[in-house]
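Residues per chain, in single letters:
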Amino acid sequence: MVVAKLQEKDKGFLERRRHLLRLGAAGVPMVLTLKASATEPVHSALDCAFVIPSATNILVDVDGKAWIGDGDIQEKNSGELKTSDVTSFKQNAEFVFPSGSAPDQFRPDECSTGDDDDYWGNDCGWGNDYDEPTGDNDDQGSCQADPDRNTPWFEEEGEDGEPGNRGNSYSGSGNDYQHGGKGKGKGKGDDDDGGSAWTDCYKFYQISSNTTISPADYLSGNGSWNLSGANGLYLALAGKYLDTYGNDGGFPGISCLLSILNYLEYQ
Amino acid sequence: MKNVALSDLPPETVKRLLSEGRLYLHLGPYVTALSTKDAGVREFLTDMYQDCSILVGEEALVDFSLEVRAPNLVRRYIRRQIVADPGFYFPAVPLPVKLGPLCLEMGMNLCVALQSFRQAIFHAGVVSDQKGGIVIAARSGGGKSTLTAALMEEGFRLLSDEFAILCAETSFLLAYPRPVSLKNQSIDVVRVFAGADQVSDRLTGTPKGDIAYRRLRKSDLETANLPAKAKLILFPRFQAEAAPAVEKMDIADAAMQLIASSPNYQVIGEPAFHALMQMLDGVEAYEITYGNTEDSLMLVKDLWEAVDG
Amino acid sequence: MTVSANPNNDHWLWGVYTNHMVTHSFGDTTFVYNRQSGTTHIFNLVSMAMIEFLSEKPRSMNEIIRDFPAYMGVDAAECPAGVVRRLFGELDEIGLLELVQS
């Protein structure tokens, strides 16, 4: 705040202040608070929901890296995913989120079949970058760091992923049919089908078309998030998107989520 | 995705897209996914919004999703009713199905008022010319829409009849041209000066009396990407038989009234404060009292002539 | 610790959360946006003078009552303690006053 000196003022100015002091002595308030018609809209904002118009699928790896796209992936009963489908899904993904984006409960429990990133490329952590022809074999060097966060309350690890990251207590099984969508896959698979044709290093989540997500459904009374199911994962990633890119269109539902985060901010 | 005029789409395509919720109406800063199976709403939309841009493609990134539908299955067939569903709960009485167009318009207003999180919204009409913008603040019975429609006939371009949409970054007003909502006597007034063909059929028995819409102009749509810098804020007051009068307002009073009219000022927060303050630094505000449209036009023209370009 | 209920202790110094405030003036009227509450307030010349007075340096309640009239350019009779206390209360109620030392 720039505080201007008021000492050098004209006589009229001083007289106006005297007049206001007399009003003050008569009990007239000296501060007026504007009551914008905001309460109802804020609550309506909290009630907002958004529709995911077409089928949306999310692939998550053991490091919490996530890909969103509309491709399908074959899955065995054991939860293992067909590697060629995984490759194709990753290559055609509409959104890619860096490691640590998907919260722990959405990641595969373990990765016993090995991650074939040196084969598939394009993952931070292992192998060369498929998309980087000049590959330097420096795994981390070829991996773009997470963008800076503008929001000071963002915690990089542990609580990562929940929308806005301020509630900090979410829970969930990753497979909550009540909230729509379904979580597929499980961490440990067998290798009976041999080779790298199938992998247990990913979990695959599907959200069917025209699914309505009401973020407030995942919010507890004390303002913390309880994210579960495919829809919960979607919200977690939307929160990541918001942290990185802001409300810059591009990600369905982001405005709705922002309204809720703003609401929480003002509480 | 590509843009086409609504009138360029075959009727069966419009019908299909609407029934699938994939008619993406691109107006000013917003894309709205519209959904309805109601023939009356569809007819109104294809008529009044015929020159509007539609995003055509499998899916679009949208700001709002709005469905105009029956409140429940029974009311789809028996004593048919219709509601606007913007995707969040908002208390609203279902209307008879013949008022579908009103539902559509109210629903679109609701979306902008309560789901815009990048622009500060104030309840006002906005017109502009090369000098800048005139904000016509809403007051009950003040005649905002009639004055807005009258100024359109005087060569001003329409930015919005319902909302002053203030860009938080630039403090410029954004255009969101929609059909101008006219109530009761103002319907005939606008029919006279704009031409009967420029006004929609009258909807009778609405909660606000009779309502009709002044048709969108192609020129306003073509310039909808041009923002305007506010130069003048008017607070109109219609009083039958009143002599025309102008009173200069303190800008602080204008600011107070605008903030009070905003559905999202508090949600946007500090950027809205900055944008509003910056906008108000360059404007003058007046309360104008008038008894007929001619007088209001005369007053506004005089005030506008005095404004620096 | 409840501080606003009894601010008269001389060991308590009061300042202003200047970082919480964004101001914009139109003539004698100042719009104040409070970042912490998200609320916009309208200050007149007297309330703004108090903000500026307390922004200079933190003061005890007794100092405020004693020195504010002179800062305003009026004598104590024109700016009685009751008015100053009420103004102080109004500013404290909207969360702009900071207890800077105890």
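Here, every reference points to the structure presented above.
A brief report on the enclosed structure follows. Keep in mind that what you see is a predicted model, and the values were worked out from it rather than measured. (Residues numbered from 1 in each chain as written. Chains lettered and ligands numbered in written order. Predicted model: local features only at pLDDT ≥ 70, side-chain atom pairs only at ≥ 80, totals over all residues. Heavy atoms only, no water.)

Here we take up the environment of C:His20. Residues and elements named next belong to chain C. Within the secondary structure, histidine 20 sits in the loop between strand E1 (13-16) and strand E2 (21-26). Histidine 20 sits in the buried class, given a relative accessible area of 19%. Considered as a pair, histidine 20 and asparagine 34 are 14 residues apart in the sequence and their alpha carbons are 5.6 Å apart. Ignoring any residue separated from it by four or fewer positions in sequence, one finds histidine 20 in contact with Tyr33, Asn34, Arg35 and Gln36. Of the polar contacts made by the side chain of histidine 20, one reaches the side chain of glutamine 36; its length is 3.4 Å. (Helix = DSSP H or I, 4+ residues; strand = E, 2+ residues; numbered from the N terminus. Buried < 20%, exposed > 50% of the residue type's maximum accessible area, 1.4 Å probe, protein only. Contact = heavy atoms within 4.5 Å. Polar contact = N/O pair within 3.5 Å; in protein donor to acceptor, adjacent residues only side chain to side chain.)

Turning our attention to the interface of chain B and chain C. Opposite the 14 residues of chain B that make contact, chain C presents 13 residues. Interface area for chain B against chain C, summed over the two sides, is near 1100 Å², with a carbon-plus-sulfur share of 72%. Looking only at chain B, the three residues that lose the most surface to chain C are B:Glu270, B:Phe273 and B:Met277, adding up to 43% of its buried area. One can count 1 salt bridge joining chain B with chain C. Taken together, the connections running from chain B to chain C amount to 4 residue pairs in polar contact (both at pLDDT 80 or more). Elements with a contribution of two residues or more to the side of chain B that touches chain C: helix H7 (251-260), helix H8 (265-268) and helix H9 (270-281) of chain B. Counting residues per element, the side of chain B that touches chain C draws most heavily on H9(B), which supplies 6 residues. Of the residues in the side of chain B that touches chain C, the class split is 9 nonpolar, 3 polar and 2 charged. (Buried area = accessible area lost by both parts, 1.4 Å probe. Salt bridge = Lys/Arg side-chain N within 4 Å of Asp/Glu carboxyl O. Nonpolar A, V, L, I, M, F, W, Y, C, P; charged D, E, K, R; others polar.)

Looking now at a negative patch on the surface. Judged by side-chain charge, A:Asp70, A:Glu94, B:Glu58 and B:Glu59 come together as a negatively charged surface patch. Relative to the assigned elements, B:Glu58 resides in the loop between strand E4 (53-56) and strand E5 (64-69). (Patch = residues over 30% accessible without salt bridge, like charges linked within 9 Å, V, L, I, M, F, W, Y side chains within 5 Å. Areas by Shrake-Rupley, 256 points an atom, 1.4 Å probe, with all protein chains shown as cover. Lys, Arg positive; Asp, Glu negative; His and termini not counted. Charge placed at Lys NZ, Arg CZ, Asp CG, Glu CD.)

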